[in-house]
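Remarks on the overall topology
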Amino acid sequence: MEFAEKNWEKEIIERGKNNYYYQEHELMRIFQHLIKAFSLLQSRNFTHRDIKPEHIMISKGNYKICDFGNAKII
């Protein structure tokens, strides 16, 4: 198991409070990480069913999906 510094929801809130909004290139990198993760899940016939910023963890600059409590094999 890996330690995650924070979840994406907290980061979004922090950045909003500081008026430090995401740049397009930052969002592209984040979405690339998430698309790779979703692609892996789909290739293994898995669905998460509860995706939200709260369930996306940040660890060493990488964005990872967590909380598979509602996940289902399709």
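Preceding this section is the structure that the text describes.
Residues numbered from 1 in each chain as written. Predicted model: local features only at pLDDT ≥ 70, side-chain atom pairs only at ≥ 80, totals over all residues. Heavy atoms only, no water.

Quick look at helix α1 (residues 8–17)
Because each turn of an α-helix spans 3.6 residues, side chains separated by three or four positions end up pointing in the same direction. Counted only if it meets this: For each residue, the accessible area found with a 1.4 Å probe, counting protein chains only, is set against the maximum for its type, and the residue is called buried under 20%, exposed over 50%, and partly exposed in between. Think of it this way: any DSSP run of H or I at least four residues long counts as a helix, any run of E at least two long counts as a strand, and we number them from the N terminus. Directions pointing from the helix axis toward each C-beta atom define the arc. We call two residues in contact whenever any of their non-hydrogen atoms come within 4.5 Å of each other.
Within α1, the full set of buried residues consists of Trp8, Glu11 and Arg15. Along the axis of α1, the buried positions cluster into a sector of 55°, meaning they face one direction only. Every exposed residue of α1 that faces more than 90 degrees away from the buried side is listed here: Lys10 and Lys17. Contacts made by the buried residues of α1 are with β1 (6–7), α2 (24–43), β3 (56–59) and β4 (62–65).

With respect to the pairing of β4
We apply this condition: At least two bridges found by DSSP between two strands is the condition for calling them paired.
By the alternation rule, side chains of β4 split into Tyr63 and Ile65, which are all buried, and Asn62 and Lys64, of which none is buried. By the bridge criterion, 4 bridges tie β3 to β4 in an arrangement that is antiparallel. Residue Ile56 lies in a different strand from β4, and its bridge partner there is Ile65. Two successive antiparallel strands, β3 and β4, enclose a turn made up of 2 residues, where Lys60 displays a positive phi of approximately 55°.

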